[in-house]
Amino acid sequence: MTVKTLTIPDIGSDASVEVVEVSVKSGDVVEQNQLLIVVESDKASVEIPSDFAGTVNSVDVAEGDFVKQGDAFLTLKTDTSDQDSQADAPTPSNEQAEPVREATPPTPTPSVARPDTAPSANTSGVVYAGPAVRKQARELGVDLSQVPATGVRNRITKEDVDAYVRQRLSEGAQASLPAVPEVDFAEFGEISTQKLNGVKRATAKAMTAAWLNIPHVTHFDEADITELEAFRKEKNALYTEQGIKFSVVPFVLNALSRALKEFPTFNASLNADGESLTLKKYLHIGVAVDTPKGLLVPAVRNVDALSIVEITRQLNEKAGLARDGKLPLTDMKGATFTLSSLGGIGGTAFTPIVNAPEVAILGLSRAVMKPRWNGEVFEPRLMLPLSLSYDHRVIDGAEAARFSKHVVELLQDNTCWPM
Ligand code: CAO
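Residues numbered from 1 in each chain as written. Predicted model: local features only at pLDDT ≥ 70, side-chain atom pairs only at ≥ 80, totals over all residues. Heavy atoms only, no water.

*Asks:* I would appreciate a short explanation of helix 6 (residues 226-239) in the present structure.
*Replies:* Note on helix geometry: an α-helix contains 3.6 residues per turn, so any two residues three or four positions apart are oriented the same way. In this model helix 6 runs 20 Å from its N-terminal to its C-terminal C-alpha over 14 residues, within 8% of the 20 Å that 1.5 Å per residue would give. Of all the residues in helix 6, the buried ones are Thr226, Leu228, Glu229, Phe231, Arg232, Lys235, Asn236 and Tyr239. Looking at the buried side of helix 6, the elements it contacts are strand 9 (216-224), helix 7 (248-262), helix 8 (308-323), strand 19 (378-391) and helix 9 (397-412). (Helix = DSSP H or I, 4+ residues; strand = E, 2+ residues; numbered from the N terminus. Expected span 1.5 Å × (residues − 1). Buried < 20%, exposed > 50% of the residue type's maximum accessible area, 1.4 Å probe, protein only. Contact = heavy atoms within 4.5 Å.)

Written out as structure tokens, the structure is:
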């Protein structure tokens with residue numbers, strides 16, 4: 001039995017380097033090539049394995065110490081004679097001392113899965129990983145004992161940590177979103193495939209995010225727009241020569257701008273901490289436009305400062321650009337509330353999805369004549385269906401009912417349209 005003093009080999013640097021990991025303690029039985037300590041310069045980590053098999057007699061460095069080439073760091077009791085050792089031991093070669101990302105690994109304990117088996121979580125409790133990997137794991141909050149190792153002799157590599165994080169994330173996503181069954185439709189008849197264009201893909205992404213993040217409630221209401229309809233027709237006749245034709249939409253935009261001033265939480269966004277709102281003092285209302293490529297939502301800016309004629313002009317211009325595929329991206333940014341009108345097409349009500357990070361959206365369906373009881377008789381009145389979807393984290397049902405009622409009242413008041 002001889003006691004050998006192990007010294008720091010050539011680590012490619014004359015400067016002192018820090019001991020960042022001591023993997024053995026006095027009394028440990030180590031095998032040849034088993035990792036003893038790891039040192040780290042500002043450029044790389046170097047793992048220093050044992051040149052011999054034996055029992056650790058003393059560890060003469062601790063984490064945080066600084067060492068340089070030639071410094072003694074450990075003594076080892078070994079059966080190998082000096083002669084044998086010269087023949088058997090890997091001389092402190094460049095290969096070992098060379099800075100490595102994942103250098104020569106230690107021999108695994110028998111309970112650790114062999115690298116040629118499928119990677120599985122480490123059940124031995126012994127984790128073999130270099131400091132860079134440990135740092136990465138600390139930053140990502142990863143428990144290295146859970147990471148299946150694929151490195152040489154069961155060392156955990158950076159790629160192993162990445163793969164583990166990816167797997168956990170996908171498991172998490174799957175856990176919160178059960179998969180829809182995949183069906184081979186061709187089994188049941190002829191099919192064809194249609195690729196979704198960019199607009200539809202972007203809409204799908206935004207709608208999924210909004211649907212998953214926002215607890216939606218939709219509040220339904222009706223506005224009696226009989227008087228407004230008469231007013232609109234009258235104005236249409238007056239403005240025909242100027243080439244302007246009003247639909248109900250600009251009137252609703254104006255009514256909304258006034259209602260949003262009264263109810264600022266509808267013109268807000270919930271902050272990422274979920275504990276505060278950003279209230280916007282500007283009123284840019286996005287208007288959903290049906291285009292050949294899909295749904296685009298240009299914003300009509302500062303609606304509160306615009307007349308009905310100006311709103312109509314802006315809306316026509318932006319809807320035209322959207323339909324021609326020429327709407328600048330900037331025109332689709334910055335909306336604080338959205339209006340989606342399906343009134344020109346049909347339907348009695350729908351449940352629009354809030355355009356996050358906005359907190360509410362108003363849907364319009366087709367106005368129809370309905371019999372309304374006036375206290376004495378039924379009267380034919382033109383009723384406009386409103387569908388107000390809102391983020392229930394921000395807006396209470398009663399608040400939504402009040403907001404909706406206020407919009408209805410504004411639409412029924414024909415005295416204050418700024419033409
Ligand atoms: N009730 C009855 N008639 C209505 C109406 C309503 N609520 N809204 C519009 N109309 C009438 C208009 O007066 C017009 O009639 P005329 O042809 O007799 O003049 C006709 O329907 C077509 O109107 P329009 O849709 O062309 O114009 P608009 O100003 O009402 O709407 C716009 C503009 C951009 C909102 C609309 O064209 C559009 O693209 N709507 C689709 C929005 C959409 O896809 N939403 C779904 C998004 S998912 O939430």
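From this point on, the discussion continues.
*Asks:* Please clarify how the side chain of Ser145 should be interpreted in this entry.
*Replies:* Checked against the element boundaries, Ser145 lands in the loop between helix 3 (131-140) and helix 4 (158-176). Accessibility expressed as a relative area gives 19% for Ser145, which makes it buried. Here Asp143 takes part through its side chain, which lies 2.8 Å from a polar atom of the side chain of Ser145. (Polar contact = N/O pair within 3.5 Å; in protein donor to acceptor, adjacent residues only side chain to side chain.)

*Asks:* It is not clear to me how the sheet that holds strand 7 (residues 66-67) should be interpreted in this structure. Could you clarify?
*Replies:* Whenever strands of a sheet pair, they do so through backbone hydrogen bonds, lying parallel or antiparallel. Here we have four strands laid out as an open sheet, ordered 5-4-2-7, and antiparallel in their pairing. Of all strands in the sheet, those with a lone pairing partner are strand 5 (45-49) and strand 7, marking the two edges. Sheet topology note: the strand 4 (residues 35-40)/strand 5 ladder contains five bridges and is antiparallel. Within strand 5, the residue paired with Leu35 across the bridge is Pro49. Seen against the sheet, helix 3 touches strand 2 (17-22), strand 4 and strand 5 and runs at an angle of roughly 70 degrees to strand 2. (Pairing = 2+ DSSP bridges. Axes fitted to C-alpha atoms, helices over the stretch in contact; angles between N-to-C directions.)

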